[in-house]
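# What the coordinates show
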Amino acid sequence: MTRFKTVFPYVLLLPTMVWLAVFALYPLGYMVYLSLTSWDLINPNIEFVGLQNYMNIVNNARFYTMLENTFIFFLLTVPGTILVSTLLALWLFKKRLIHQLATSAIFTPHIISLVSVSMVWLWLMDPSIGLLNYILGWLNLPQSDWIASSKTSMLSVAIVSIWKSVGFFTLIILSGLGRISNEIQEAVKLDSRPNVYTFFKITLPLLSPTLFFLFFIASIASFQVFDTIQIMTNGGPAGSTTTIVFFIYDYAFRHFQIGFASAVSIVLMLILALMMTLYFRFISNKVHYQ
Amino acid sequence: MDRVGRTSVQQPEISRNLVFKLRKHAGLAIESILLSVLAILFVFPFLWMVLTALKSPEEALIFPPTLMPQTWNFQSFAEVWQSGPFGTYLTNSVVIVAAILAAQLITAVPSAYVFAKYRFKGKEFLFLLVLLTMIIPSQLTFVPLYLMMSEWQLLDSLVPLILPFVVTPFGIFLLRQQILQIPDELFEAAKIDGAGEGRTMYHVLLPMIKPAVVTVMLLSFITHWNDYFWPLVMTNTMELRTLPLGVANLKGLEGNSKWNVVMAGNCILALPLLILFMLNSKRLKESIAFTGVK
């Protein structure tokens, strides 16, 4: 019986642990190995090339453009999403039916496939027959080339990403606001100081764990963007919207450079790991836990 | 005299009340208008998608565009269905999502239970592994996963679309948080009553964590029904593709000219989720709010 008890937890965990080993850890190791080889998917011989792929990364101009694009996308979407959704949550944090309905409305894009979202926006943003430019023209405002120009393409994709995720973030911030205890909210109401003051001194610090969590999620998500880019811009125009995942996909399945694609994945995994460490070092201790 | 005095006192009182009420109503009216604008900003693109799908091919091309279809036209839906093996796409999507959800349920509940309520060697380390896999995005490890599936000769089946998702680290994490809050005595009482581990889990644990389980399942459903990247990477033939890929291909097949057909395809893709959302919007919103709780 006691023997059964000591073994039991491991038995229950077995499927999960086998899966973790096979589908999460082994691929990582496999990828490190692949990054040291040269292979085109077809040739039966996988050639070991040492650090050659990493050297090629250093000398690849497209890699730096991609890194810059990814960073710009990160800078546009992460603060953008969090700022917009915080403001929306503060506005929608009321019990009235109309506020509830508006919350449902802004959440709708979250449940719809990025395929549909990208295709609808591709059309809305069409420079000549798109509705967006039509409305801008009707309002006598300057029109934009949106995704058709390398100057505005990244911003356009970022707008679509922010638009898609704002509802999800707003809901989580709303629940964060709801969990700030009633006494504190009463005290805030009685306080005659301006709203801005109470927001920065009371609400924001109490909301900081939620915002940190969202910051973390948004950062990881910004590195995973693919569908929008594949469908709306195909990485262009002139490579202006080529970001990490698209870049790796492009090299692996269009140029069949498995080794190089793997090396890029490893480098970016390291960048991601470094970023997460920095987050927890420098931001998490500024987060206020109630 | 008395009367006059009273009215002269009450008069400004009433008008002040009136001004206050008016201002309150005007404020509410303005806020309602602003809220409607906000709602339209987020819902209109999908409304536009549906309206365009219902237009005739000629009308979908008119510029400046019409808002409402002049003639209601369901032809584009038939055209979507005939343009490719959409029945197969739909079946594949349903099979994959059902398999993933069932497998995640079977693996996540016992794992979360063990991590929350058992003490054993290596527990912290194993849980850390689960957390780590939560952070490693599969979008970065798809190359080795593709090659593994290729070596195992699974690429001509739906298995590569299911296997990498049968465990949900995020789900385990979320369920564990919930189970931690249930007092141990409850499980002990069940065991004293003679219930085995299996029955304890099924009859005591599962009913108590039902909202959390529904949350995990709903979020998983949304993710995998909508997934475009993974089927794109893992499939080479039409027979294995899913609805999002089929719909995305409509644009390539039809060029930029048949927007009514493209939008009809997107309507088919979005419909199950929109129905789910409309029937369950409160539950779904609570589920999302729930993920923010740590």
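What counts and how
Residues numbered from 1 in each chain as written. Chains lettered and ligands numbered in written order. Predicted model: local features only at pLDDT ≥ 70, side-chain atom pairs only at ≥ 80, totals over all residues. Helix = DSSP H or I, 4+ residues; strand = E, 2+ residues; numbered from the N terminus. Buried ≥ 20, exposed ≤ 12 C-beta atoms within 10 Å, placed from the backbone. Contact = placed C-beta atoms within 7 Å. Nonpolar A, V, L, I, M, F, W, Y, C, P; charged D, E, K, R; others polar. UniProt positions renumbered as here; feature names shortened; annotations may be inferred. Domains from an automatic or database assignment.

Within chain A one finds 12 helices and two strands. Helices (α) and strands (β) of chain A occur, in sequence order from the N terminus, as α-β-β-α-α-α-α-α-α-α-α-α-α-α. With respect to the three principal axes, the spread of C-alpha positions in chain A is 75 × 75 × 35 Å. For chain A, the residues scored as buried account for 39% of the 290 residues in total. Sequence separation of at least 24 residues holds for 69% of the intrachain contacts in chain A that already meet a minimum separation of 6.

To continue, consider the overall build of chain B. When helices and strands are tallied, chain B shows 14 helices and zero strands. Starting at the N terminus and ending at the C terminus, chain B contains elements arranged as α-α-α-α-α-α-α-α-α-α-α-α-α-α. Expressed along its principal axes, the backbone C-alpha trace of chain B runs to roughly 100 × 65 × 35 Å. Scored against the burial criterion, the 294 residues of chain B give a buried share of 35%. Put simply, 74% of the contacts in chain B that link residues at least 6 apart link residues at least 24 apart.

We now examine the interface of chain A and chain B. With 66 residues of chain A at the interface, the matching set in chain B holds 61 residues. Looking at the side of chain A that touches chain B residue by residue, the class counts come to 51 nonpolar, 14 polar and one charged.

Residues and elements named next belong to chain B. Following the sequence through the fold, phenylalanine 42 ends up in helix α1 (residues 2-53). On the basis of neighbour count, phenylalanine 42 is assigned to the buried category, with 20 C-beta atoms found within 10 Å. Taking the C-alpha atoms as reference points, phenylalanine 42 and phenylalanine 74, 32 residues apart in sequence, are found 25 Å from one another.

Right, let's talk about the UniProt feature "transmembrane region" (unreviewed entry) in chain B for a bit. Feature annotation in UniProt assigns "transmembrane region" (unreviewed entry) to the following positions: residues 26-51, 94-116, 125-146, 158-175, 204-225 and 259-279 of chain B. In residues 259-279 of chain B, the share of helix is 100% and the share of strand is 0%. The end C-alpha atoms are 29 Å apart.

Domain boundaries in chain B define domain 1 (2-61) and domain 2 (84-254). Computed from C-alpha atoms alone, the centre-to-centre distance between domain 1 of chain B and domain 2 of chain B is 45 Å.

Attention now goes to unusual backbone geometry. Despite not being glycine, tryptophan 146 of chain A has its phi angle at roughly 50°, a positive value. We classify tryptophan 146 of chain A as buried; it has 24 C-beta atoms within 10 Å.

Residue and element names in this part refer to chain B. Mapped onto the fold, alanine 60 is located in helix α2 (residues 57-61). Residue alanine 60 is classed as buried on the basis of its C-beta count, with 24 C-beta atoms lying within 10 Å. Remark: the alpha-carbon pair of alanine 60 and glutamate 31, spanning 29 residues in sequence, is separated by 34 Å. Setting aside residues no more than four positions away along its own chain, alanine 60 makes contact with Thr52, Lys55, Trp259 and Asn260.

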